[in-house]
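Breakdown of the fold
So the chains spell out like this:
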Amino acid sequence: MLAAAAHPDDIEFMMAGTLLRLKAAGAEIHMWNLANGHCGSVRHTREDIIRIRAAEAEASARLGGARSHPALFDDLGVFYDPPSLARVGAVVRQIRPAIILTHSPQDYMEDHQNVCRLMVTAAFARGMRNFETHPPQATWDAPVAVYHAMPHGLADGLGRRIQPDAYVNTASVMTLKREMLACHRSQKEWLDVSQGMDAYLNEMERMSAEVGRMSGRFTHAEGWRLHSRLGFGPEQFNPLEQLLEGDYDGTTVE
Ligand SMILES: [Zn+2]
């Protein structure tokens, strides 16, 4: 399975708990930040911060037991266009995930929304032989389920609350999720200074507890919305539910 987000640390905020639960259920897990995080520093040069953040993402993936994949774009340089689709499509065809976790289609940040669109189309085009990827990769036809994470702040760009269709119980993996987020030291450190020690880590925990409260069932949770199955898989295809059983709580949307 593949978790794909825009910036180094987005996965750790909203998706890593589910990723770790899937690993425990036997899935091979991949993490991919499509943008290099080069705007995430007020003191490093572009080259330095790109290198630092790639190393931080790699450390987090190693801690979680995931394979990581290199960024393709700059921050604010993620666009939904044919060249980008061809490059994203190549990586998706190479990994062949049955589950894709990605951003919400409605989000406060345009890079997030564009990653979401790129991932949806790359998955949709997985078996289309006349859709050429860059570099070329063989097509595959198995079903894929695309799940959209909650946006940061749990609201869209107009401030409207987003309601998930399903919740995954992440209570048992919160310690490791927090350690993975803490790998992103370049981001954590300036927030420690400007907003108090561990503000970065505590914000992630606060959101996961809030989603837990929304579930009415779990103390910590991540929320998900399952993309339409049209073009992606059979009607009942919901591998998160199948793999996580009692730790998945959702209405099955037909
Ligand atoms: Zn982001």
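Look a little higher up for the structure.
Our subject in this report is the structure included herewith. In this text the structure is predicted, and so the values were computed from the model without any measurement.

Another point: the side chain of H112. Looking at the element boundaries, H112 is found in helix α5 (residues 110-124). Judged by its relative accessible area of 3%, H112 is buried. The contacts of H112, once residues within four sequence positions are left out, are A6, H7, D10, H103 and D107.

Coordination sphere of the zinc ion, protein contribution only: H7 (ND1), D10 (OD), D10 (OD) and H112 (NE2), at 2.1 to 2.4 Å. Coordination geometry of the zinc ion: the four donor atoms subtend angles of 56 to 137° at the metal centre, consistent with an arrangement described as irregular. Its relative accessible area of 10% is what places D10 among the buried residues.

A sheet is described by the order of its strands in space; here eight strands give the open sequence β3-β2-β1-β4-β5-β7-β6-β8, paired in mixed fashion. Each having just a single partner strand, β3 (67-69) and β8 (248-250) make up the two edges of the open sheet. Along the sheet, successive strands turn relative to each other by an average axial angle of 25°, direction set aside. Judged from the four bridges that link them, strand β6 (residues 166-169) and strand β7 (residues 221-226) form a sheet pairing that is antiparallel. Of the residues in β7, the one forming a bridge with Y167 is G223. Packing of helix α4 (residues 82-95) onto the sheet brings it into contact with β1 (2-5), β2 (30-33), β3 and β4 (99-102), and relative to β2 it is tilted by some 175°.

Reading the values: rules and limits
- Residues numbered from 1 in each chain as written.
- Predicted model: local features only at pLDDT ≥ 70, side-chain atom pairs only at ≥ 80, totals over all residues.
- Heavy atoms only, no water.
- Helix = DSSP H or I, 4+ residues; strand = E, 2+ residues; numbered from the N terminus.
- Buried < 20%, exposed > 50% of the residue type's maximum accessible area, 1.4 Å probe, protein only.
- Contact = heavy atoms within 4.5 Å.
- Donors = N, O, S within 2.8 Å, 3.2 Å for Na, K, Ca; no water.
- Tetrahedral: all angles 85-135°; square planar, octahedral: opposite > 155°, others 65-115°.
- Pairing = 2+ DSSP bridges.
- Axes fitted to C-alpha atoms, helices over the stretch in contact; angles between N-to-C directions.

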